[in-house]
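# Reading the structure
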Amino acid sequence: MTDLATPTPSAAPKVIPVGRTRVIGYITAGLGLFVLLAFGLGSSGNAHSVLTFTPVNTSTNAPWSIGALTVLTRYWNMAAGLIAIAIGVHMIVRRPAKGAMVRFGVAAILFLFALLLWAGRDPGPSQGLHVNLTSILIGSSALAMVLIYGALSGIMCERAGVVNIAIEGQFIGGAFFGSVIASTTNNFLLATLAGAVAGALLGLVLAFLSLRYLSDQIIVGVVLVTMMSSLSSYLNLQVLSPYPNLNTGNLASNIAIPLLYKIPIIGPVFFNQSGFFYFMIVLVSLISFGLFKTRWGLRVRAVGEHPKAAESVGINVIRTRYINVVLGVAIAGVGGVAFMASQGAFQVGYTSGLGYVALAALIFGRWRPSGAVSAGVLFGISAYLALNLQTYNIPISTEILGMFPYLITIAVVAGLVGRVRPPAADGQPYKRD
Amino acid sequence: MRIELRGITKRFGSFTANDRIDLVVEPGEIHCLLGENGAGKSTLMNVIFGQLQPEEGEIVIDGETIKFANSGEAVRRGIGMVHQHFMLVPVFSVAENVVLGFEPTKSFDRLDRKKAADEIRRVSKEYGLEVNPDAVIEELPVGLQQRVEILKALSQDAELLILDEPTAVLTPQEIEALMAIMRSLAKAGKSILFITHKLKEVRAVGDVITVIRQGRVVGSVPPTTSEAELATMMVGRDVKLTVTKEAAAPGDEVLEIRDLVVRDDRGLAVVNGVTLNVRAGEIMALAGVQGNGQTELVEALAGMRRIESGTITVRGRDVTNNKPREMLDEGLGHIPEDRQRNGLVLSMSVADNLVLNTPRRAPFARRGTRNLDAVEQNARQQVKDFDIRTTSTRELVSSLSGGNQQKVIVARELSRPLAFLVASQPTRGLDVGSIEYVHRQIVNQRNEGLGVLIVSSELDEVFALGDRIAVMHEGRITGVVDATTSRETIGLMMAGASSQSAHD
Ligand SMILES: Nc1ncnc2c1ncn2[C@@H]1O[C@H](COP(=O)(O)OP(=O)(O)OP(=O)(O)O)[C@@H](O)[C@H]1O
Ligand SMILES: [Mg+2]
């Protein structure tokens, strides 16, 4: 049995050329060029922007004060543009086998940063407005958090082979019941529980229809979203409007972590947040650990990749899928409560497609919790900026700005098609012989 | 373990795949099952393994009547199975696949990866089935995947081991090794059910041979029965076990490969400067141990893998790095080594699979729409010619037996005018009768001027078909010799000796 070992060819391993990397490289370089021309050279030579780092959040008085930073807009933005161009050109020429999306993400962040400096430049259209970096990060973190909850929900379902495109609807359901319970009991723990239960029930519907009746999971998802948005309008009209005290003042208060929250710039972003934020971090670590380090995770992934093989070693495919879908959708329900608690009350339609952006974050993050975090941050910042750039007097209409997060989403997902692989059995009904 | 099947009947709709089957496997016995493609062997094994529920009959294990609701229960009762179509998760590592369902864990449900890898190293050493526990399944050639599938079954210490065509893609040495394993397991009191289409193996290793035809037991015979008798029992007619072929009359070169370099998924240059030509009207057999670059060479020829450097020419036209579609237009016929991954669309019907390579052409398409009558007519013809056992041409190809799935591919590829044919293990999993037919077809096409490249790790096939034989080792051609060369020489060349030194 000596000559059976696989041969070890002499040539050293080299990078695998991937055509798509080039395309993403071109997009990245193009983004950089735009930054260079529009935000860099588009700012006059003497323009400067002021960055501040004090949270405007009044509930905690900043125990420290860090001065403002004045930068020369033109040169900072030209530098940002050049860096993005360099990243893009590197991708076009060297075509690295890995990390294309991370590089694109860095360029996108540079783009957003340059956009901010450009919007707040002085002399410029919005003189006197400072760019409050810490505030922006805090605002973005609320959106990122919701997106991450949604993406985690998708990960739980799709890793087991069930597509969940109804995250949007599950947000709505969680937010509605969360608001009612929070308003009546004034207890966010109970509200979270209510959101989780609402989610679990919706998950049961999705699981039942797709596992028992082998319905098309995309269609079930669409139906669920439509149903939830209509149902929430109806209940809003019939219940919340006549009894407004069922939907009031549910802003979750922040829990500051002693000492840590005093860290300049990032302290208030990471360590002075509501419980939902911390719970999300716990969930990310738990699911990440669970999926890739434990027996449970190995079995779940086997079910999502090759259910027949899983079945052949005694794993109960259907049960695994039920459990994962119910738990996963419960997470989306909690995400809905978290969103409601960051807005203060339930409103019809206020999730405005965040559930779908979460789905894109899931793909961008390659069906991994850690990836979902990166994607959630990128999409969260761009969504927040789209909402808040309106305060700067920039010559772009708010409608166009509103499209911004979705444009980034489309660019990202288009760049990824064919590159990232969903679980092989994702969305496929499973029938035992 | 003593297992007894009493009157097992399994139906799929109105089709009876197993018809009142009685079978006894004694402890320490190697029981071979022989039968044509579609005879119902895999179905019967899946019934024993709890994957299919029989309509009638009972299974008695050590005197106790049992009923498995699923294969998990069968595994826990001490039954292990090597599936004809591997039950491996492509994106998992070897270790993850082997331990799946029986994972060693540490605290907090954590996988004990080190223990798993150690265990695999131990088992693979013990049985001489070397694989790297960290390799990812989808990057392994089929032969290695087969090793993993066997390891997986062995690692559970099963009392009854079911082996459904484990030797179809193994090399002669691996088959020897597997048979040695089987003998030692039997000696240790384990029972083995062994399915193969290779009569030599049955006679070498079996204690009892049971022949099944059309879902029924034809009879049980001792291993001293001659190959010809076995073949006749199986097929119900006399079978010629070797094709007689006329001398080749080679013409112009149809396929020319020059200094080809191709990388595998890990980026290694596993085809490392291959130069080879095939002429019209000849069969070039490419022999070699699996994993020496044949897979990637064939994928490059089919336009499915990027060529790093070197050229491929078909009838004088440069086709390097053509797309698969363009290669088909150049007249390429391709029988891929992994039929389920690259040869068929499992969720489509037999009829549709039979026109996969020509869906847009007359007569199967007309002014942008499909001509379903022509598709149907073609399917009927092929099913008849190639004896594809299926209840209907509309049947999903996934419900066909392994050998019949293979026949669908062979029928499709051979049924249109070709410039050259590249066939990887073209008779993988076929019964003797079908091998005879397929070999005959390939030889006939050669006689009509087709250039053929056969890739096979099986020397019997290499010698049965090859007019010339090229041997591949570690990404290079170690020599091209004619078909009169001795087996020993070829064997040495497969191990890396040049044709010169092998002759000396
Ligand atoms: N799920 C199914 N639905 C319908 N028919 C099926 C199904 N599974 C198997 N069959 C039919 O049952 C018959 C027996 O198939 P089986 O796979 O047991 O054959 P086999 O003896 O293993 O053949 P081979 O040597 O080609 O592997 C075939 O004709 C096949 O078409
Ligand atoms: Mg079979």
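Residues numbered from 1 in each chain as written. Chains lettered and ligands numbered in written order. Predicted model: local features only at pLDDT ≥ 70, side-chain atom pairs only at ≥ 80, totals over all residues. Heavy atoms only, no water.

### Notes on the overall build of chain B
The number of helices and strands found in chain B is 18 helices and 22 strands. At 23 Å, chain B has a C-alpha radius of gyration in line with the 23 Å of a compact globule built from 504 residues. Considering only C-alpha atoms, chain B reaches an extent of 70 × 50 × 50 Å along its principal axes. A total of 504 residues make up chain B; the buried ones form 61% of that total. (Helix = DSSP H or I, 4+ residues; strand = E, 2+ residues; numbered from the N terminus. Rg over C-alpha atoms; globule rule 2.2 N^0.38 Å. Buried < 20%, exposed > 50% of the residue type's maximum accessible area, 1.4 Å probe, protein only.)

### Some points on the domain arrangement of chain B
Residue and element names in this part refer to chain B. For chain B, the domain assignment lists domain 1 (3–235), domain 2 (240–331 + 417–504) and domain 3 (345–416). A C-alpha centroid distance of 31 Å is found between domain 1 and domain 2. Facing the 25 residues of domain 1 at the interface are 17 residues of domain 2. Summed over both partners, the interface of domain 1 with domain 2 comes to about 1600 Å²; 56% of that surface belongs to carbon and sulfur atoms. At the boundary of domain 1 with domain 2, the tally comes to two salt bridges. E458 is paired through a salt bridge with K198; the nearest N and O atoms lie 3.4 Å apart. Scanning the region where domain 1 abuts domain 2 turns up six residue pairs in polar contact (both at pLDDT 80 or more). The set of elements that each furnish at least two residues to the side of domain 1 that touches domain 2 consists of α5 (142–154), α7 (199–205) and α8 (227–235). The greatest single-element share of the side of domain 1 that touches domain 2, amounting to five residues, is contributed by α8. Across the side of domain 1 that touches domain 2, the residue classes tally to twelve nonpolar, six polar and seven charged. (Domains from an automatic or database assignment. Contact = heavy atoms within 4.5 Å. Buried area = accessible area lost by both parts, 1.4 Å probe. Salt bridge = Lys/Arg side-chain N within 4 Å of Asp/Glu carboxyl O. Polar contact = N/O pair within 3.5 Å; in protein donor to acceptor, adjacent residues only side chain to side chain. Nonpolar A, V, L, I, M, F, W, Y, C, P; charged D, E, K, R; others polar.)

### Section: the coordination of the magnesium ion (ligand 2)
The textbook angles at a metal center are 109.5 degrees for a tetrahedron of four donors and 90 or 180 degrees for an octahedron of six. Bound to the magnesium ion (ligand 2) are the protein donor atoms S42 of chain B (OG) and Q84 of chain B (OE1), situated 1.9 to 2.1 Å from the metal. Of this pair, S42 of chain B sits in helix α1 (residues 41–48) while Q84 of chain B is found in the loop between β6 (79–82) and α3 (94–99), placing the two residues 42 residues apart along the sequence. (Donors = N, O, S within 2.8 Å, 3.2 Å for Na, K, Ca; no water.)

### Things to note about the side chain of S232 of chain A
Residue and element names in this part refer to chain A. Within the secondary structure, S232 sits in helix α7 (residues 217–240). S232 sits in the buried class, given a relative accessible area of 5%. Discounting residues that sit within four places of it in the chain, S232 has contacts with I172, F346 and V348.

### Examining the sheet that holds strand β10 (residues 216–221) of chain B
All names here are of chain B. A sheet is described by the order of its strands in space; here six strands give the open sequence β6-β7-β8-β3-β9-β10, paired in mixed fashion. Two strands bound the open sheet, and with one partner strand each, they are β6 and β10. Mean inter-strand twist for the sheet, computed between neighbouring axes without regard to direction, equals 20°. Of the pairings in the sheet, the one linking strand β3 (residues 30–35) to strand β8 (residues 191–195) comprises four bridges and is parallel in character. (Pairing = 2+ DSSP bridges. Axes fitted to C-alpha atoms, helices over the stretch in contact; angles between N-to-C directions.)

### Points about unusual backbone geometry
Residues and elements named next belong to chain B. Its identity as a non-glycine residue notwithstanding, N321 has a phi of 55°, on the positive side. When you line up the elements, N321 lands in the loop between β15 (317–318) and α10 (324–329). With relative accessibility at 39%, the residue N321 sits in the partly exposed group. Phi angles above zero are rare outside glycine, and R367 is one such case at about 45°. Looking at the element boundaries, R367 is found in the loop between β17 (365–366) and β18 (369–370). For R367, a relative accessible area of 81% translates into the label exposed.

### Examining the layout of surface pockets
All names here are of chain B. Space inside the second largest pocket adds up to approximately 1100 Å³. Around the second largest pocket, the lining is made up of 46 residues, and of these K198, K200, E458, D460 and E461 lie nearest the centre. Going through the elements one at a time, α6 (172–187), α7, α15 (432–447), α16 (459–465) and α17 (487–494) are the ones with two or more residues in the lining of the second largest pocket. The residue makeup of the lining of the second largest pocket, split by class, is 18 nonpolar, 13 polar and 15 charged. (1 Å grid on protein atoms, 1.4 Å probe; cavity = no way out; pocket = protein on both sides within 12 Å on 5 of 7 lines; lining within 4 Å. Points joined across faces, edges and corners; volume = space filled by probe spheres on them.)

### Quick look at α17 of chain B
Residues and elements named next belong to chain B. Taken residue by residue, α17 has T489, I490, M493 and M494 as its buried positions. Looking straight down α17, one finds its buried side chains confined to an arc of 140°; they lie on one side. Residue G496 follows α17 closely and has a positive phi angle near 120°. (Arc of directions from axis to C-beta.)

### Side note on the packing of aromatic side chains
All names here are of chain A. As enumerated under the stated definition, the model contains 14 aromatic pairs over all chains in all. Ring plane angle 35° and centroid distance 6.2 Å describe the contact between F34 and F111, whose orientation is recorded as tilted. Residue F34 is located in helix α1 (residues 19–40), and its partner F111 is located in helix α3 (residues 100–119); the two are separated by 77 residues in the primary sequence. Taking the relative accessible area as the measure of exposure, F111 reaches 9% and is therefore buried. Both rings, one in F270 and one in F271, keep their centres 6.4 Å apart while their planes meet at 55°; by these two values the pair is tilted. The partly exposed category is assigned to F270, whose relative accessible area is 39%. Pairwise contacts between aromatic rings join F176, F177, F339, F346 and Y350 into one cluster. Between the NZ or CZ atom of R368 and the centre of the ring of F292, over which it lies, the distance is 4.9 Å. (Phe/Tyr/Trp six-rings, centres within 6.5 Å; stacked < 30°, edge-to-face > 60°. Lys NZ or Arg CZ within 6 Å of the ring centre and 35° of its normal.)

### Topic: the interface of chain B and chain A
Between chain B and chain A, the residue contacts involve 53 residues of the former and 37 residues of the latter. Across the chain B to chain A interface the summed buried area is about 3600 Å²; carbon plus sulfur atoms make up 60%. Among the residues of chain B in contact with chain A, M87, L100 and D109 of chain B are the three that bury the most area, contributing 13% of the side total. Inspection of the region where chain B meets chain A yields three salt bridges. A salt bridge links R295 of chain A to D109 of chain B; the shortest N-O distance between them is 3.1 Å. There are eight residue pairs in polar contact (both at pLDDT 80 or more) connecting chain B and chain A. Class assignment of the residues belonging to the side of chain B that touches chain A gives a composition of 21 nonpolar, 16 polar and 16 charged.

### Some words on the site of ligand 1
Residues and elements named next belong to chain B. Residues in contact with ligand 1 amount to 21 residues; listed here are only the nearest, K41, S42, T43, S401 and G403. One nitrogen or oxygen atom from the main chain of S399 is found 3.1 Å from a nitrogen atom belonging to ligand 1. Between ligand 1 and G403, the relevant distance is 2.7 Å, taken from an oxygen atom to a main-chain nitrogen or oxygen of the residue. Counting residues per element, the ones that place at least two in the shell around ligand 1 are β2 (15–25), α1 and α14 (402–414). (Near = heavy atom within 4 Å.)

### A word on empty space enclosed by the protein
Residues and elements named next belong to chain B. For the structure shown, the criterion picks out eight cavities of 30 Å³ or more. One number sums up the size of the largest cavity: a volume of about 160 Å³. Of all the secondary-structure elements, those providing two or more residues to the lining of the largest cavity are β6 and α5. Residue composition of the lining of the largest cavity, grouped by class: eleven nonpolar, four polar and two charged.

### Quick word on the environment of T105 of chain B
Note on placement: T105 of chain B falls in the loop between α3 and α4 (113–127). Between the alpha carbons of T105 of chain B and K115 of chain B there is a distance of 8.7 Å; along the sequence they are ten residues apart. Excluding its chain neighbours within four sequence positions, the residues that come into contact with T105 of chain B are R295 of chain A together with R110 and D112 of chain B.

### A few points about the environment of A175 of chain A
Residue and element names in this part refer to chain A. Its location among the elements puts A175 in helix α5 (residues 167–185). C-alpha of A175 to C-alpha of A191: the two residues are 16 residues apart in sequence and 9.1 Å apart in space. In contact with A175, other than residues within four places in its own chain, are G336, V337, M340, F346 and Y350.

### Some words on the confidence of the model for chain B
Across chain B, the average pLDDT comes to 90, with 99% of residues at or above 70. This prediction of the complex comes with two scores: 0.85 for pTM and 0.84 for ipTM. (pLDDT = per-residue confidence, 0-100.)

### Some thoughts on the domain arrangement of chain A
All names here are of chain A. Domain boundaries assigned for chain A yield domain 1 (20–129) and domain 2 (134–380). With 15 residues of domain 1 at the contact, the number on the domain 2 side is 15 residues. Summing both sides of the interface, domain 1 and domain 2 together bury roughly 1200 Å²; the carbon and sulfur share of this comes to 71%. Summed over the shared surface of domain 1 and domain 2, the number is zero salt bridges.

### Some thoughts on the pairing of strand β16 (residues 332–335) of chain B
Residues and elements named next belong to chain B. Residue alternation in β16 divides its side chains into two sets, L332 and H334 and G333 and I335, and both sets are buried. With four bridges connecting them, β16 and strand β19 (residues 420–424) associate as parallel partners. Note that in β19 the partner of H334 across the bridge is V422.

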